[in-house]
Amino acid sequence: RIVLEKFGKGPHHVELQVQLPSSSSSQETTEFQTIKIELAPLDMMPHSVHTFLEQVHQGSWDGTAFDVHAGHVLMASSSSSSPNTEEDHHHQAPTPTVMIPEYNAR
């Protein structure tokens, strides 16, 4: 119900601006590209969709590093380096994760 009130019934889409290595021979240049993600319908994966939309809304994915593997797999990881002090550790945002198993008999 909360996701319906806040984000509507869908379909839900999220656009990410990602910085990927350039396709040119120079490995130092990077290109910004837009990736559009269409989320599963709410009736199939309500918890995962709600969690991901909340993370995007709160900026949890901002600054996340993306890397291309095998030419077609996009993997996300924390872009921040290890905190230098305990105080830095308390101010570091956690890496976003969606670990809610969903089941639908369809």
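Residues numbered from 1 in each chain as written. Predicted model: local features only at pLDDT ≥ 70, side-chain atom pairs only at ≥ 80, totals over all residues. Heavy atoms only, no water.

A.B. asks: Quick rundown of the layout of surface pockets? Include the residues and the values.
C.D. replies: The calculated volume of the largest pocket comes to roughly 200 Å³. Residue lining of the largest pocket: 13 residues in total, with L16, Q17, W61, D62 and G63 positioned closest to the centre. Split into classes, the residues belonging to the lining of the largest pocket amount to seven nonpolar, four polar and two charged. (1 Å grid on protein atoms, 1.4 Å probe; cavity = no way out; pocket = protein on both sides within 12 Å on 5 of 7 lines; lining within 4 Å. Points joined across faces, edges and corners; volume = space filled by probe spheres on them. Nonpolar A, V, L, I, M, F, W, Y, C, P; charged D, E, K, R; others polar.)

A.B. asks: Could you give an account of the pairing of strand β4 (residues 73-77), with specific residues and numbers?
C.D. replies: Pairing geometry for strand β3 (residues 65-69) and β4, over five bridges, is antiparallel. Looking at β4, one finds that F66 is bridged to A76. Between the antiparallel neighbours β3 and β4 lie three residues, among them A70 with a positive phi of about 55°. (Pairing = 2+ DSSP bridges. Helix = DSSP H or I, 4+ residues; strand = E, 2+ residues; numbered from the N terminus.)

A.B. asks: Can you explain the pattern of salt bridges? Please cite residues and give values.
C.D. replies: The tally for this structure, following the rule as stated, stands at one salt bridge. The salt bridge involving K6 is made with E54; its shortest N-O contact spans 3.1 Å. Of this pair, K6 sits in helix α1 (residues 2-7) while E54 sits in helix α2 (residues 46-57), placing them 48 residues apart in sequence. What makes K6 partly exposed here is its relative accessible area of 42%. A residue is classified by how much of its surface remains accessible, and E54, at 15% relative accessible area, is buried. (Salt bridge = Lys/Arg side-chain N within 4 Å of Asp/Glu carboxyl O. Buried < 20%, exposed > 50% of the residue type's maximum accessible area, 1.4 Å probe, protein only.)

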